Amino acid sequence: DAGITQSPRHKVTETGTPVTLRCHQTENHRYMYWYRQDPGHGLRLIHYSYGVKDTDKGEVSDGYSVSRSKTEDFLLTLESATSSQTSVYFCAIRGDRGQDTEAFFGQGTRLTVV
Amino acid sequence: QKEVEQNSGPLSVPEGAIASLNCTYSDRGSQSFFWYRQYSGKSPELIMFIYSNGDKEDGRFTAQLNKASQYVSLLIRDSQPSDSATYLCAVKSGGSNYKLTFGKGTLLTVNP
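A. The arrangement of the pairing of strand E5 (residues 45-50) of chain B in detail. Residues and elements named next belong to chain B. Bridging between strand E4 (residues 32-38) and E5 involves five bridges; their strand directions are antiparallel. Directly across from Trp 35, in E5, lies its bridge partner Met 48. Counted between consecutive antiparallel strands, the loop separating E4 from E5 contains six residues, among which Gly 41 sits at a positive phi close to 80°.

B. Looking closely at the nonpolar core. Ranked by size, the top nonpolar core spans 23 residues in total, and within it B:Trp35, B:Val72, B:Leu74, B:Ile76 and B:Tyr87 carry the most contacts. Of all the secondary-structure elements, those providing two or more residues to this core are strand E3 (19-25), E4, E5, strand E7 (61-66), strand E8 (71-76), strand E9 (85-92) and strand E11 (106-111) of chain B. If sequence neighbours within four positions are ignored, B:Tyr87 has contacts with B:Gln6, B:Leu21, B:Trp35, B:Tyr36, B:Arg37, B:Ile47, B:Leu74, B:Ile76, B:Gly105, B:Thr106 and B:Leu108. In this structure, A:Cys23, A:Trp34, A:Ile46 and A:Ala81 belong to the second largest nonpolar core, which totals 19 residues.

C. Molecular detail of the interface of chain B and chain A. Opposite the 22 residues of chain B that make contact, chain A presents 25 residues. Between chain B and chain A, the buried area comes to about 2000 Å², and carbon and sulfur atoms account for 54% of it. Run the count over chain B and chain A and you get four residue pairs in polar contact (both at pLDDT 80 or more). Those elements that place two or more of their residues in the side of chain B that touches chain A are E4, E5, E9 and strand E10 (100-102) of chain B. No other element matches the four residues that E4(B) contributes to the side of chain B that touches chain A.

Cut-offs and rules
- Residues numbered from 1 in each chain as written.
- Chains lettered and ligands numbered in written order.
- Predicted model: local features only at pLDDT ≥ 70, side-chain atom pairs only at ≥ 80, totals over all residues.
- Heavy atoms only, no water.
- Pairing = 2+ DSSP bridges.
- Helix = DSSP H or I, 4+ residues; strand = E, 2+ residues; numbered from the N terminus.
- Core = buried A, V, L, I, M, F, W, Y, C linked by side-chain atoms within 4.5 Å.
- Buried < 20%, exposed > 50% of the residue type's maximum accessible area, 1.4 Å probe, protein only.
- Contact = heavy atoms within 4.5 Å.
- Buried area = accessible area lost by both parts, 1.4 Å probe.
- Polar contact = N/O pair within 3.5 Å; in protein donor to acceptor, adjacent residues only side chain to side chain.

That's the geometry; what it means functionally is another story.
This is the structure we're talking about:
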């Protein structure tokens, strides 16, 4: 299995509180991604990183920020959580071997905002 | 907005039949195409990738790519109940940032 760990695995938080999800990899892969998965919407890209301190927005980035100060860690922050951010969040990593390089996914974080 | 479209299903096939899953994409600059399988409550896992026009076979799975029609498909031969899952099509856009865009997935049920 690819060395990718998400924490926490489950979290319940209150509306308006800040939340940070962590993705940690031991593969030294260049690319890291945060997705959210909701029924009827599939996997939607929130933010992604193509190197340390190099990040870009995905299709559903509003309300989220990210940081990558080290190759191995990619943090997703919800500055002020809302109920619409209740979802399963997946981190993925991808190497730079070529166009066939697959993405490996973490176990997911189930976030509930009440 | 670059889009990846899949029929949401559910697609139901009998055991031993061929399951055909389809995906279309809007970005003509897309370079690579991936099929992931996701069991309920689990993470997506890669089944196959393809980046050249034509067919690519791996065991019971065949991926087909037609860039002119912006269409990619996955065929599962001799379908088994263990193949029951959601199948996600993913497309890597052109450029150097390796952005991956997923379709909404097709739920496949293989009936014994």
